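Below are the chains, spelled out letter by letter.
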Amino acid sequence: MSDGISDDAEDVVGVLTERIEARFAMDMNQLKAAVAAAPTANPDATDVVKWHGLLIQAQLVLDRAEDDLLAALETQPSEVDDPTMGLAHRVNAAVTARDGRAMVVRWLLDPDAPGKKDLAAERLARLRPRTGPAVQSSAPHRPAGTPAPASAWRSGRPVR
């Protein structure tokens, strides 16, 4: 790949982990602890830690799928049966998932990535989790003796 990440599956997670550690000037355990202690302090770090965790999970799934496929291939005669072919498809799906997550991590680490400095970036910023509800989440309190709104009467539902 042109961005310095080797095609070897084992290298993808390691190289991205090194990039994360360099970007935030701390090792992954320290970064995870910092994000856990203050998840809203640095939204970029929170996103990177989340997607790095998803990347690691995807790599573990891929490793298991490859091990299962290799074990099945060792017992196969010259032709591959349908269950073994299913394992090969599982490996392909796991590679796709892992590579997709790696792409997200690379995008998160690149400050000049497409979509980070334009209208799309503004929209993305608005989608970030909020610290509290954007609108009132409970019905307003009505003092005793205050009539219910007319719409409540028309709905046929009980009025409280």
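Parameters and conventions
- Residues numbered from 1 in each chain as written.
- Predicted model: local features only at pLDDT ≥ 70, side-chain atom pairs only at ≥ 80, totals over all residues.
- Heavy atoms only, no water.
- Axes fitted to C-alpha atoms, helices over the stretch in contact; angles between N-to-C directions.
- Helix = DSSP H or I, 4+ residues; strand = E, 2+ residues; numbered from the N terminus.
- Parallel < 35°, antiparallel > 145°, perpendicular 65-115°, else oblique.
- Left-handed = near helix turned anticlockwise from the far one by under 90°.
- Nonpolar A, V, L, I, M, F, W, Y, C, P; charged D, E, K, R; others polar.
- Salt bridge = Lys/Arg side-chain N within 4 Å of Asp/Glu carboxyl O.
- Core = buried A, V, L, I, M, F, W, Y, C linked by side-chain atoms within 4.5 Å.
- Buried < 20%, exposed > 50% of the residue type's maximum accessible area, 1.4 Å probe, protein only.
- Patch = residues over 30% accessible without salt bridge, like charges linked within 9 Å, V, L, I, M, F, W, Y side chains within 5 Å.
- Areas by Shrake-Rupley, 256 points an atom, 1.4 Å probe, with all protein chains shown as cover.
- Contact = heavy atoms within 4.5 Å.

A. Up close: the packing of helix α3 (residues 43-74) against helix α4 (residues 82-109). With their axes 8 Å apart at the nearest point, α3 and α4 run at an angle of 160° to one another. Judged by the angle between their axes, α3 and α4 are roughly antiparallel. The hand of the α3/α4 crossing is left-handed. Partitioned by chemical class, the residues of the contact of α3 with α4 number 22 nonpolar, four polar and seven charged.

B. Representation of the pattern of salt bridges within the structure. This model, assessed by the stated rule, comprises three salt bridges. Its salt-bridge partner being R23, residue D44 comes within 3.9 Å of it at the nearest N-O pair. Here D44, found in helix α3, pairs with R23, found in helix α1 (residues 9-24); they are 21 residues apart in sequence, far enough to count as distant. A salt bridge links R98 to D99, with the shortest nitrogen-to-oxygen separation between them at 2.7 Å.

C. Seen up close, the nonpolar core. Within the largest apolar cluster, 16 residues are counted, with the highest numbers of intra-cluster contacts made by I20, F24 and L31. Going through the elements one at a time, α1, α2 (28-37), α3 and α4 are the ones with two or more residues in this core. Among the elements that line this core, the one with the most residues is α1, at five residues. In this structure, L62, L69, A72 and V91 belong to the second largest nonpolar core, which totals seven residues.

D. Just a nonpolar patch on the surface, in detail. Together, L70, L73, V80 and M85 make up an exposed nonpolar region whose accessible area comes to about 350 Å². The topology assignment puts M85 in helix α4.

E. Inspection of the packing of α2 against α3 at higher detail. Where α2 contacts α3, the two axes come as close as 10 Å, and the packing angle between them is 120°. Taken together, α2 and α3 sit at an angle that is classed as oblique. In this structure, α2 meets α3 at a crossing whose hand is left-handed. Residues M28, L31, K32 and V35 of α2 form the contact with α3, whose own contacting residues are A45, T46, V49 and H52.

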